[in-house]
Amino acid sequence: MTNLDWPEELAELAGLAREVGLQVLGPAAREAEAGGVPPQVWDTVFGTGLTTPIAEALGGGGVLSALEEVVAAENLAHGDPGIALAALRSGAAALLVGAHGTTEQRETLRSVDAAWRGSVAIYEGFGRSPREYETTVAVHADGIRVRGRKESVAFASQAADIVVVGNDPDGGGLRAVLVAGDAPGVAVIPDPPGLALGAVPTATLELDVTVPVTALVGGGDAEPAALACSVERIRLVPAAVLVGCAQRAIEYAADYAKDRVAFGRPIVGFQGVSFLLSEAVMRLSAARHSIHDAASRLDAGDDTTSELVSEAVSCAAEAATQSTRDAVQVLGGHGFIKDHPVELWYRSAAALAVCDFDLLRSAFQPAL
């Protein structure tokens, strides 16, 4: 269970991530949305150690625990959700290879330069958890056949190798395999520009490819249950980004409401505004605790958290889309113009919420 009294180290981590988010990510948000993360911002974020740096992650399992990573993700997103998501998704490949790869696989990726962008293919739409993946990774003596379709694959067009996660059709459990993006039988289809999150280029993968046995992450000794825990951890990160983005939007709207005067007093004094903001804070707090609970269980080695993770992701999606919409409403007409960043957070929450969302799990409604 989550301890609501944070230890000093976790509080310091949150403070550092919040500072980096506000001072480094926030000022670059518009530029990143238009043309990708500026190189100097990318270097600064990775230099903090908050996004599972490649060199250390390949040493075994990543620098941060799952709980620490979601705390860092939320507070980085307080500055800008797009850049935070780009940095964290890029580090996910190193996390999987570092935690589960063979010595040779770790050494291969250890030599890459700082400009490397990792790519992990886990999403299939409809909020599918790892045990529900339809992508298959069939292990044979002469090779591994990978078949399926993956969506919202970050940096797929830039990465030399993509870590594709699927299920063994012969009952071997979850598998991960390194697939070259330019291999015959791999179609990388770049996604068209979306509502937001221009800092994270994504693509759809269509796979029917055979790769060498050596491409299987961890080889034949890889533990499917441990791999599933790492994949669930990766699923939690965007949920934390959603909460951080929405929290910033509500705080901005609250400050605006204190200064905006109507009928002779600040609008924050009207129940229609104050209740809206209060409910958003409670909604986001519930989502945050749900994420932290799932992350803490993963850190404890609980491999039965799939349902908890799916619930946390769904809760964060609902809370963030509703809260950012409420923030726009507090600003009125000002909420839709670029003079105020709430419109960016509103769009970002809407775009991110649909990546791993199970429509049957909640009463989610599109934010627009």
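See above for the structure.
Along each chain, the written sequence defines residue order, and numbers are assigned to residues from 1. Side-chain atom pairs in this predicted model are given and counted only at pLDDT of 80 or more, local residue features only at pLDDT of at least 70, and totals for whole chains, interfaces and linings cover all residues. Calculation of side-chain values draws on the structure's entire complement of heavy atoms; hydrogens and water are dropped beforehand.

As for the overall build of the protein chain
- Helix and strand labels come from DSSP, where a helix needs a run of H or I of at least four residues and a strand needs a run of E of at least two; each type is numbered from the N terminus. For the protein chain, the helix and strand inventory stands at 11 helices and 9 strands.
- By principal-axis analysis of the C-alpha atoms, the protein chain measures approximately 80 × 40 × 40 Å.
- Partly exposed residues are those whose accessible area sits between 20% and 50% of the maximum for their type, while under 20% is buried and over 50% is exposed, using a 1.4 Å probe and protein chains only. Counting every position in the protein chain, which comprises 368 residues, the buried fraction comes to 55%.
- Counted over contacts in the protein chain with a minimum sequence separation of 6, partners at least 24 positions apart contribute 76%.
- Surface accessibility follows the Shrake-Rupley procedure with a 1.4 Å probe radius. Residue values consider only the protein chains on display as shielding. Of the roughly 15400 Å² that the protein chain leaves accessible, carbon and sulfur atoms contribute 54%.
- The charge count treats Lys and Arg as positive and Asp and Glu as negative. His and the chain ends do not count. To locate a charge, the coordinates of NZ of Lys, CZ of Arg, CG of Asp or CD of Glu are taken. A distance of 6 Å separates the average location of the 26 positive side-chain charges in the protein chain from that of its 47 negative side-chain charges. Any two residues having at least one pair of non-hydrogen atoms within 4.5 Å are treated as being in contact.

Side note on the pattern of salt bridges
- Salt bridge, as applied in this entry: a Lys or Arg side-chain nitrogen positioned within 4 Å of an Asp or Glu carboxyl oxygen. All chains considered together, the criterion is met by 19 salt bridges.
- Note that Arg128 is salt-bridged to Glu124, the shortest N-O span being 3.1 Å.
- Note on Arg128: relative accessible area 18%, which makes it buried.
- Residue classification places Glu124 among the buried residues on the basis of a relative accessible area of 5%.

As for helix H9 (residues 271-299)
- Helix span is expected to be 1.5 Å times the residue number reduced by one. Look at H9: 42 Å from first C-alpha to last across 29 residues, which is about the 42 Å you get at 1.5 Å a residue.
- Residue Gly301 follows H9 closely and has a positive phi angle near 85 degrees.

Let's talk about the environment of Ala239
- Note that Ala239 resides in helix H8 (residues 224-259).
- By relative accessible area, Ala239 is classed as buried at 3%.
- When the C-alpha positions of Ala239 and Cys355 are compared, they lie 10 Å apart, and in sequence the two are 116 residues distant.
- In this structure Ala239 touches Ile291, Ala312, Val313 and Ala316, once residues within four positions along its chain are discounted.

Looking at unusual backbone geometry
- Unusually for a residue other than glycine, Phe126 sits at a positive phi of about 65 degrees.
- Its place among the elements puts Phe126 in the loop between strand E1 (120-121) and strand E2 (136-140).
- With a phi angle near 50 degrees, Ser152 is a residue other than glycine that sits in the positive phi range.
- Structurally, the position occupied by Ser152 is in strand E3 (residues 143-154).

Quick word on the nonpolar core
- In terms of nonpolar packing, the biggest core is built from 83 residues, with Leu236, Ile291 and Val330 touching the most fellow members.
- Grouping buried Ala, Val, Leu, Ile, Met, Phe, Trp, Tyr and Cys residues that are joined through side-chain atoms within 4.5 Å yields what is termed a nonpolar core. Membership of the second largest hydrophobic core comes to 37 residues, among which are Ala93, Val120, Val164 and Val209.

Structural notes on the packing of H8 against helix H11 (residues 342-353)
- Between H8 and H11, the shortest axis-to-axis distance is 10 Å and the interhelical angle comes to 155 degrees. Taken together, H8 and H11 sit at an angle that is classed as roughly antiparallel. Crossing hand, H8 versus H11: left-handed. Touching Pro238, Val241, Leu242, Cys245, Arg248, Ala249 and Tyr252 of H8 are Val342, Trp345, Ser348, Ala349, Leu352 and Ala353, all from H11.
- In terms of residue class, the contact of H8 with H11 is made up of 11 nonpolar, 1 polar and 1 charged. Helix axes are fitted only over the stretch in contact, all axes being lines through C-alpha atoms; the angle between N-to-C directions runs from 0 to 180 degrees. Convention used here: angles under 35 degrees read as roughly parallel, angles over 145 as roughly antiparallel, angles from 65 to 115 as roughly perpendicular, and any remaining angle as oblique. Should the near helix be turned anticlockwise from the far one by less than a right angle, the crossing is left-handed, and should it be turned clockwise, the crossing is right-handed. Under the scheme applied here, ten amino acids are nonpolar (Ala, Val, Leu, Ile, Met, Phe, Trp, Tyr, Cys and Pro), four are charged (Asp, Glu, Lys and Arg), and all others, including Gly, are polar.

Description of the packing of helix H6 (residues 81-100) against H8
- Between H6 and H8, the least distance of the axes is 11 Å, while the angle of their chain directions is 170 degrees. It follows from the interaxial angle that H6 and H8 lie roughly antiparallel. Residues Pro81, Leu85, Leu88, Arg89, Ala92, Leu95, Leu96, Ala99 and His100 of H6 form the contact with H8, whose own contacting residues are Ala226, Leu227, Ser230, Arg233, Ile234, Val237, Pro238, Val241 and Cys245.
- Grouping the amino acids of the contact of H6 with H8 by side-chain chemistry returns 14 nonpolar, 2 polar and 2 charged.

Quick notes on the packing of aromatic side chains
- Stacked, edge-to-face and tilted labels apply to pairs of Phe, Tyr and Trp rings (six-membered ring for Trp) whose centres lie within 6.5 Å, assigned for plane angles under 30 degrees, over 60, and everything in between, in that order. Following the criterion strictly, the structure yields 4 aromatic pairs and no others.
- Consider the rings of Tyr252 and Trp345, whose centres lie 5.8 Å apart with planes at 75 degrees: the pair is edge-to-face. With Tyr252 in helix H8 and Trp345 in helix H11, the pair connects residues that are 93 residues apart, well separated along the chain.
- Taking the relative accessible area as the measure of exposure, Trp345 reaches 3% and is therefore buried.

Overview of the pairing of strand E5 (residues 173-180)
- Taking burial as the measure, the 8 residues of E5 include 6 buried ones, the bulk of the element.
- Here, a strand pair is defined by DSSP locating no fewer than two bridges between the strands. In sequence, strand E4 (residues 161-168) turns back onto E5 through a hairpin of 4 residues, with Gly171 there showing a positive phi of about 85 degrees.

Topic: helix H3 (residues 39-47)
- What H3 keeps buried is the set Val41, Trp42, Val45 and Phe46. Axial view of H3: buried residues confined to an arc of 125 degrees, hence all on one face. The exposed residues of H3 that point more than 90 degrees off its buried face are Pro39, Gln40 and Gly47.
- Against helix H1 (8-25) and H6 lie the buried residues of H3. Picture the helix axis, draw a direction to every C-beta atom, and the arc is the one those directions span.

Topic: the side chain of Arg128
- On the secondary structure map, Arg128 appears in the loop between E1 and E2.
- Residues adjacent in sequence count toward polar contacts only when both atoms are side-chain atoms; beyond that, a polar contact is any pair of N or O atoms within 3.5 Å, and within protein one must be able to donate a hydrogen and the other to accept it. One polar contact links Arg128 to Glu124, side chain to side chain, over a distance of 3.1 Å.
- The contacts of Arg128, once residues within four sequence positions are left out, are Tyr133, Glu134, Arg235 and Asp356.

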